[in-house]
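One-letter residues, chain by chain:
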Amino acid sequence: MQKPLMAVLIASAFFSLNAQAADLIQVYQQALANDAAFASARAALAAGMERVPQGRAGLLPTVGLNGSIVKNDGESTPWNIGQTVVRPDGTRALVTTGGANERTTTHTLSLSQPLFRWANWQAYEQSKLQQSQAEAQFAQAQQDLITRVSQAYFDVLAAQDTLELSRAQKTATTEQLASAKRNFEVGTQTITDTHEAQAAYDLVVAQEFAAINDLENKRSALQAIIGSAPTGLATLKPGVLLAAPEPAVIDPWVSSAETQNYGVVGAQLGYELAKREISRTRAGHYPTLDLTANISRQNMTGQTSQSGRSDGKAIGISYNVPIFSGFAVTSRVRETIALEDKARNDLEATRRNAANVARQAFLGVNSGLAQVRALQAAEVSGNSALESNKLGYQVGVRINIDVLNAQRQLYSTRRDLSRARYDTILNGLRLKSAAGSLREADLVPVNDLLVK
């Protein structure tokens, strides 16, 4: 009864571990919520969406209210000082030094509506391009997050595979070392076999330590993206079949990369912005025309003959014709023309780079598929070679180093096969990213390749 109970406990612990393992979709959701670079891109998008309202403001009227309150205290000497005057109430008074306690209150409501300001119109057109550019940059950030998360995820899986294979090789080498020692003790083998096995064991121990360190580094890289230490990750299904890119020819992918890649879209918008900037700068030579209107009210109180209230209304057209600005506008126009040339060349460089990335990713997928098939065959052959060398060692037709070399070759093949599978999957995602077609939904078929 004890053994079945122990088996049940081990099985339940295994299923519990799998239940806690996070798959690629879950890790991606964590990255959406916690990745600092993506949060920065989201904030940049929110800022970019304010470009159009700011550009439109240059075409709309401006209304302002201003005013002032001024108090003036002073003294004056009347011309009839020393004389007696009759007040309005009939009483008489002697005229002495005159005084003033004057307060002036002014309020003005003004309106200005641009009628012709070419620079403002170009700035509005630029604002729409800038908003589109912010949207393209955010879309690129989304694609970058997908590829970064996938890269970090499969890097951890590859590091885990390397560590597991190193430990399996260590176990096999330990057995071979023990066998060499026993054969030496009974006199059927030389000390050379023991030394060779010991050297192989020491090497695999060093490789195990390196694999442990590499796994921790890969976990840290994933943690930097998702904001927390990854626990268990779902692994690839055994013998998983990888799909070829669709379409299976390279030209459509390259063409899409040259036109739909978000980096190319952003560079194209930057080029359009540079052309608009030339027109906006040239507006420094053009006249401006505005409709202006204002309403004002002024109140004056105090010992002054001008006491009272006055109201005023005005409406009209104001214009400004630039004549000479010290060649500043001409210089800025030359500068913007040079920047337009720079933007055009940046666009061409971005387009070429996107096409090159698409080509490399397409070739990487197809080469990876071929490499996976070849390594699968090599794994079968390597396993057969190892078994044959073990049997030959037992009957005396093979030496210890032959077995060790066969072990090393088999585990190296398995490690390469594991890495080739991950690289092929990642190149498929990079291919779609280069073509500008990578979406969150593209993670679903990749996630289906993992053990649930």
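Since this is a predicted model, take the numbers as computed values, not measurements.

Peer 1: Honestly, helix α8 (residues 262-282) in this entry has me stumped. Any pointers?
Peer 2: For the α-helix, the turn length of 3.6 residues means that residues three or four positions removed from each other point alike. Given a rise of 1.5 Å per residue, 21 residues ought to cover 30 Å, and the 31 Å separating the end C-alpha atoms of α8 matches this to within 8%. Of all the positions in α8, only Val 264, Gly 266, Ala 267, Leu 269, Tyr 271, Leu 273, Ala 274, Ile 278 and Thr 281 are classed as buried. With a side-chain oxygen positioned 2.8 Å from the backbone nitrogen of Gly 263, the residue opening α8 is Asn 261.

Peer 1: It is not clear to me how the layout of surface pockets should be interpreted in this structure. Could you clarify?
Peer 2: Empty space left among the atoms is revealed by rolling a probe the size of a water molecule over them. Approximately 770 Å³ is the volume found for the largest pocket. In this structure, the largest pocket is lined by 31 residues; those nearest its centre are Asp 161, Glu 164, Thr 235, Leu 236 and Tyr 422. Of all the elements in the fold, those that place two or more residues in the lining of the largest pocket are α1 (2-20), α5 (118-186), α6 (191-226) and α10 (400-434). Of all the elements, α5 adds the most residues to the lining of the largest pocket, at six residues. Across the lining of the largest pocket, the residue classes tally to 14 nonpolar, seven polar and ten charged.

Peer 1: Got a minute to help me understand the packing of helix α7 (residues 251-260) against α8 in this structure?
Peer 2: Helix packing for two helices is described by the angle between their axes and how far apart those axes are. Direction vectors running N to C along α7 and α8 enclose 35°, while the axes themselves pass 6 Å from each other. Residues Ala 257, Glu 258, Thr 259 and Gln 260 of α7 form the contact with α8, whose own contacting residues are Tyr 262, Val 264 and Val 265.

Peer 1: What is the right way to look at the nonpolar core in this model?
Peer 2: Generally speaking, nonpolar side chains in soluble globular proteins are found buried as a group. Core analysis: the biggest nonpolar cluster contains 44 residues, and Leu 24, Val 27, Leu 145, Val 149, Tyr 153 and Phe 154 have the highest contact counts within it. Among the secondary structure elements, those contributing two or more residues to this core are α2 (24-34), α3 (36-48), α5, α6, α9 (328-395), α10 and α11 (443-447). Sort the elements by how many residues they give to this core and α5 lands first, with 14 residues. With sequence-adjacent residues up to four places away left out, Val 27 is seen in contact with Ala 22, Val 149, Tyr 153, Leu 222, Ile 226 and Leu 233. Of all hydrophobic cores here, the second largest spans 15 residues; its members include Tyr 271, Leu 347, Ala 361 and Ala 435.

Peer 1: Honestly, the packing of α2 against α5 in this entry has me stumped. Any pointers?
Peer 2: With their axes 10 Å apart at the nearest point, α2 and α5 run at an angle of 125° to one another. When the interaxial angle is binned, α2 and α5 end up oblique. The handedness of the crossing between α2 and α5 is right-handed. Between α2 and α5, the residues in contact are Leu 24, Val 27, Tyr 28, Ala 31 and Leu 32 and Leu 145, Ile 146, Val 149, Ser 150, Tyr 153 and Phe 154, respectively. Partitioned by chemical class, the residues of the contact of α2 with α5 number ten nonpolar, one polar and no charged.

Peer 1: Sorry, what's going on with the environment of Ile 212 here?
Peer 2: Here Ile 212 shows up in helix α6. When the C-alpha positions of Ile 212 and Ser 166 are compared, they lie 9.7 Å apart, and in sequence the two are 46 residues distant.

Peer 1: Please explain the packing of aromatic side chains as it appears in this structure.
Peer 2: When we look at a pair of aromatic rings, we describe it by the centre distance and by the angle of the planes. Taken as a whole, this structure holds five aromatic pairs when the rule is applied. Relative to Phe 154, the ring of Tyr 153 has its centre 5.5 Å away and its plane inclined at 80°; by these criteria the two rings are edge-to-face. Classification of Tyr 153 as buried rests on a relative accessible area of 0%. Exposure remark for Phe 154: the relative accessible area of 0% places this residue in the buried category. Chaining the aromatic ring pairs together yields one cluster made of Tyr 153, Phe 154 and Tyr 422.

Rules used in this analysis
Residues numbered from 1 in each chain as written. Predicted model: local features only at pLDDT ≥ 70, side-chain atom pairs only at ≥ 80, totals over all residues. Heavy atoms only, no water. Helix = DSSP H or I, 4+ residues; strand = E, 2+ residues; numbered from the N terminus. Expected span 1.5 Å × (residues − 1). Buried < 20%, exposed > 50% of the residue type's maximum accessible area, 1.4 Å probe, protein only. Polar contact = N/O pair within 3.5 Å; in protein donor to acceptor, adjacent residues only side chain to side chain. 1 Å grid on protein atoms, 1.4 Å probe; cavity = no way out; pocket = protein on both sides within 12 Å on 5 of 7 lines; lining within 4 Å. Points joined across faces, edges and corners; volume = space filled by probe spheres on them. Nonpolar A, V, L, I, M, F, W, Y, C, P; charged D, E, K, R; others polar. Axes fitted to C-alpha atoms, helices over the stretch in contact; angles between N-to-C directions. Contact = heavy atoms within 4.5 Å. Core = buried A, V, L, I, M, F, W, Y, C linked by side-chain atoms within 4.5 Å. Parallel < 35°, antiparallel > 145°, perpendicular 65-115°, else oblique. Left-handed = near helix turned anticlockwise from the far one by under 90°. Phe/Tyr/Trp six-rings, centres within 6.5 Å; stacked < 30°, edge-to-face > 60°.

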